[in-house]
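Residues per chain are reported as follows:
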Amino acid sequence: MLKSDLINILVAKRGVTQKQAEATIETIFESMKDALCRGENIEIRGLGAFHVKNYQGYQGRNPKTGQVIPVKPKRGLLFRTGKELRDRVNRPAPQQAQADLASPESKGPGSTGTGL
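Thresholds, definitions, all that
Residues numbered from 1 in each chain as written. Predicted model: local features only at pLDDT ≥ 70, side-chain atom pairs only at ≥ 80, totals over all residues. Heavy atoms only, no water. Phe/Tyr/Trp six-rings, centres within 6.5 Å; stacked < 30°, edge-to-face > 60°. Helix = DSSP H or I, 4+ residues; strand = E, 2+ residues; numbered from the N terminus. Salt bridge = Lys/Arg side-chain N within 4 Å of Asp/Glu carboxyl O. Buried < 20%, exposed > 50% of the residue type's maximum accessible area, 1.4 Å probe, protein only.

A. Broad picture of the packing of aromatic side chains. For the structure on display, the rule yields 1 aromatic pair. Pairing Phe50 with Phe79 gives two aromatic rings, centres 4.8 Å apart and planes at 50°, and the pair type is tilted. Of this pair, Phe50 sits in strand E2 (residues 48-55) while Phe79 sits in strand E5 (residues 74-81); the two residues are 29 residues apart in sequence, bridging distant segments of the chain.

B. The arrangement of the pattern of salt bridges in detail. Under the criterion given, the structure shown has 5 salt bridges. For Lys83, the salt bridge goes to Asp87, with nearest N and O atoms at 2.7 Å. Note that Lys83 and Asp87 are positioned in helix H3 (residues 83-90) at a spacing of 4 residues, about one turn of the helix. A residue is classified by how much of its surface remains accessible, and Lys83, at 57% relative accessible area, is exposed. Judged by its relative accessible area of 40%, Asp87 is partly exposed.

If you want it as structure tokens, here you go:
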């Protein structure tokens, strides 16, 4: 899904103009970026959480020459899914659930599933 897809969904479901939808999505994303740049974490219930992780500097090595190279401290971004989203993503697809119902084990008593 792209940002333009989110804008189109907002236009279709909420009846706002294209410009209003673009401004809304842009405001949300800019606010999230600003918060993360300040080192704040973002938690969206039902979706997940963005965490800023600080990595300390260390002495690395060039694999070709073996030369010691100082690596500067940096920050990374982690996303951890919420339980609701994780459960929803791992839920079997509707076709899979129907295929499971048609398996030989679920044909009832007396059925061997062999066709004899």
